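# Report on the structure
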Amino acid sequence: EPALSCYKMEREWCDEYEACTHVGMAFTTSASSAKATPAGTPTTTTKTISINDLCNQDVLTNKRQHSICLEECSKRSCCFEDEPALSCYEEDKEWCRQYQACTLVGMVFTTSTPVV
């Protein structure tokens with residue numbers, strides 16, 4: 001129920017659960033609230049912004065866009081870990097490569113083998 005949604009007050013905390021969109025949940029917003037609802041449920045607005053939308057060529061000239069991109073990329077920081085022993089890239093290459101656009105802000109995949 002929109003009246004019970006805490007999204008407006010706890011947006012950052014709620015956004016940590018964005019991965020739930022991969023299993024059929026979507027954040028929805030109305031003029032006064034937002035909540036996650038099962039896929040297929042009528043919604044006012046669905047929040048779907050891809051990493052490629054956030055991290056595009058604009059990050060090279062737009063400081064705000066650069067900052068937003070970096071923040072989003074930090075959600076998968078283990079993919080870009082400097083120390084190969086701490087990197088998750090080898091364990092889940094497909095998941096990490098979804099954030100390939102983060103290379104536009106200087107992030108580099110760390111692996112014990114060359115990234116192709």
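For the structure, check the block above.
Below is a short write-up of the structure.

Calculation criteria
Residues numbered from 1 in each chain as written. Predicted model: local features only at pLDDT ≥ 70, side-chain atom pairs only at ≥ 80, totals over all residues. Heavy atoms only, no water. Salt bridge = Lys/Arg side-chain N within 4 Å of Asp/Glu carboxyl O. Buried < 20%, exposed > 50% of the residue type's maximum accessible area, 1.4 Å probe, protein only. Helix = DSSP H or I, 4+ residues; strand = E, 2+ residues; numbered from the N terminus. Polar contact = N/O pair within 3.5 Å; in protein donor to acceptor, adjacent residues only side chain to side chain. Contact = heavy atoms within 4.5 Å.

To continue, consider the pattern of salt bridges. For the structure shown, the criterion picks out 2 salt bridges. When the shortest N-O distance is used, the salt bridge between Glu72 and Lys75 registers 3.0 Å. According to the relative accessible area criterion, Glu72 is buried, its value standing at 12%. Residue Glu90 pairs with Lys93 through a salt bridge whose shortest N-O separation is 3.7 Å.

Here we take up the side chain of Gln65. With respect to the helices and strands, Gln65 occurs in helix H3 (residues 63-73). Of note is the side chain of Gln65, whose polar atom sits 2.7 Å from the backbone oxygen of Leu54. Contacts of Gln65, omitting those with residues within four sequence positions, involve Asp53, Leu54, Asp58 and Val59.

As far as function goes, none of this settles anything; it's purely spatial.
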